[in-house]
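Structure assessment
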Amino acid sequence: MKNYLTASISASAIRHNIAALRQRIGPDVRLCPVVKDDCYGHGMDVLYPVLSGLVDGFAVASPHEALALRRRGYKGFILCLLSAYFDELEVQDDLVRQSITQTVMSSTALASIRAAAERVGEMAQVHLKVDTGMGRLGVPVSQAGDLIGSIHELADVELMGIYTHFASADEADKTTALQQLHQFKSIIPPTKNLMLHAANSAAAIDLPETHFNMVRLGIALYGYRPSDALLHTMELKPCMEVGAKLIAVKHIRKGGRSGYGLTHEYTRDSRVGIVPIGYGDGYFRCLSDRAVVRIKGMNAPVCGQVSMDQMTVDITDIPAVKVGDEVEVISSDPQAPNSVENLARLAGTIPYEITCHLGHNIRHVLVD
Ligand SMILES: *Cc1c(COP(=O)(O)O)cnc(C)c1O
């Protein structure tokens, strides 16, 4: 952890986003935040106290993330989106013991969950995941009915819910998302009290007919739009700002160069600052010579190649900059050139990848 790099995570932004999303889904739909990869890089340590009182459960990727939530003392609903695999199967005993809801996607997975339930001597709670067209995990629609039947035959496995996942709900054209929805509806059994869920952030925002009785929200909760193509606009507040301090300031003459490969040539006498963040900290190297950081509210362009742990920015046009001055590497203003969404555009990727990468070396602190 690098103490000189700080991700300030705003509790009020999270509260705002949850309130706005609750408004969108209405009072009868459960809001389940997706907190995989350490809350998409925003840090479970800081976000858990904010989220735990405001949400109706948590969805995580791995069994280890699920168990870690129980260790924090969370007693509510936890859905594990991936199963236990290979040499981790014994972790399923803990999942059963800790009343963590596991996902069933095949008869093999069902057999292994059942074996865990038998060993532990308690009921295993499961949700069935159906592949309605994403072509990734999930039981194919054609086999879903049989698998539901197999679960009902087992005394120690309880089917609590059924879900699916959209491949392209974030696109303007909702044709395939609606086809997936149609497939999903076709396999829902008449059983009462099942938790049914399909919507990710994009579907929660754009497709109310996908809400059923729970939505699984990731990116929107953290304050970013899932894509530029959504049909509905929502006022989301990015919850993260990343700050650093300048560790050096120097002059480079006209015609001088900087960085690996000396790719950047200065076309005037320039002042540059060194910022101690690089691709090893999750600041993408492909942002070299493209992105800006902000110092004293002004843009400082990234000059030359981003290194593993530092990069050079042009501060010629910013008066009186000195060592120790604050550098806003990532802004929480969605319109700023260094917002997560804008950096994602520059890097040719999605906001998710930007925030996940920033999760590892940077100290997270909760503000307001
Ligand atoms: C990650 C994930 C989500 C959340 O998606 P967002 O686009 O971040 O809202 C929902 N469901 C599943 C199965 C996921 O893996």
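The shown structure was predicted, so the numbers you read here are calculated from the model rather than taken from an experiment. (Residues numbered from 1 in each chain as written. Predicted model: local features only at pLDDT ≥ 70, side-chain atom pairs only at ≥ 80, totals over all residues. Heavy atoms only, no water.)

What follows concerns the site of the ligand. In the vicinity of the ligand, the contacting residues are Val-34, Lys-36, Tyr-40, Leu-81, His-165, Asn-200, Ser-201, Arg-216, Leu-217, Gly-218, Ile-219 and Tyr-352. One nitrogen or oxygen atom from the main chain of Ile-219 is found 2.8 Å from an oxygen atom belonging to the ligand. The side chain of Tyr-352 places a nitrogen or oxygen atom 2.6 Å from an oxygen atom of the ligand. For the ligand, whose accessible area on its own is 390 Å², the fraction buried by protein is 92%. Of all the secondary-structure elements, those providing two or more residues to the shell around the ligand are α2 (36-40) and β10 (214-217). (Near = heavy atom within 4 Å. Polar contact = N/O pair within 3.5 Å; in protein donor to acceptor, adjacent residues only side chain to side chain. Areas by Shrake-Rupley, 256 points an atom, 1.4 Å probe, with all protein chains shown as cover. Helix = DSSP H or I, 4+ residues; strand = E, 2+ residues; numbered from the N terminus.)

This part covers the packing of aromatic side chains. Under the definition given, this model contains six aromatic pairs. The interplanar angle of 40° and the centroid separation of 5.0 Å between the aromatic rings of Tyr-40 and Tyr-222 together place this pair among those described as tilted. Residue Tyr-40 is found in helix α2, and its partner Tyr-222 is found in the loop between β10 and β11 (240-245); the two are separated by 182 residues along the sequence. Comparing Tyr-40 with Tyr-222, the two get one shared label, buried. (Phe/Tyr/Trp six-rings, centres within 6.5 Å; stacked < 30°, edge-to-face > 60°. Buried < 20%, exposed > 50% of the residue type's maximum accessible area, 1.4 Å probe, protein only.)

Counting buried residues along strand β19 (residues 326-330), four of its five residues qualify, which places the element largely inside the surrounding structure. Direction of pairing for β11 relative to β19: antiparallel, over a ladder of four bridges. Within the sheet, the bridge partner assigned to Ala-244 lies in β19 and is Val-327. (Pairing = 2+ DSSP bridges.)

Let us now look at the packing of helix α1 (residues 11-25) against helix α3 (residues 44-52). Following both chains from N to C, one finds α1 and α3 inclined at 45°, their axes separated by 10 Å at the closest point. Considered as vectors, α1 and α3 are oriented oblique to each other. With respect to the hand of their crossing, α1 and α3 are arranged in right-handed fashion. Packed against α1, whose contacting residues are Ala-11, Ile-14 and Ile-18, the element α3 presents Leu-47, Val-50 and Leu-51 at the interface. Grouping the constituent residues of the contact of α1 with α3 by class yields six nonpolar, no polar and no charged. (Axes fitted to C-alpha atoms, helices over the stretch in contact; angles between N-to-C directions. Parallel < 35°, antiparallel > 145°, perpendicular 65-115°, else oblique. Left-handed = near helix turned anticlockwise from the far one by under 90°. Contact = heavy atoms within 4.5 Å. Nonpolar A, V, L, I, M, F, W, Y, C, P; charged D, E, K, R; others polar.)

As a further point, take the domain arrangement of the chain. The assigned domain composition of the chain is domain 1 (11-222) and domain 2 (240-331 + 333-367). Here the C-alpha centre of domain 2 lies 37 Å away from the C-alpha centre of domain 1. Between domain 1 and domain 2, the residue contacts involve nine residues of the former and twelve residues of the latter. Roughly 940 Å² of surface becomes buried between domain 1 and domain 2 when both sides are summed, with 65% attributable to carbon and sulfur atoms. Summed over the shared surface of domain 1 and domain 2, the number is zero salt bridges. The tally of links from domain 1 across to domain 2 stands at four residue pairs in polar contact (both at pLDDT 80 or more). For the side of domain 1 that touches domain 2, the elements supplying multiple residues, two or more each, are α2 and α3. Residues belonging to the side of domain 1 that touches domain 2 are distributed by class as follows: five nonpolar, three polar and one charged. (Domains from an automatic or database assignment. Buried area = accessible area lost by both parts, 1.4 Å probe. Salt bridge = Lys/Arg side-chain N within 4 Å of Asp/Glu carboxyl O.)

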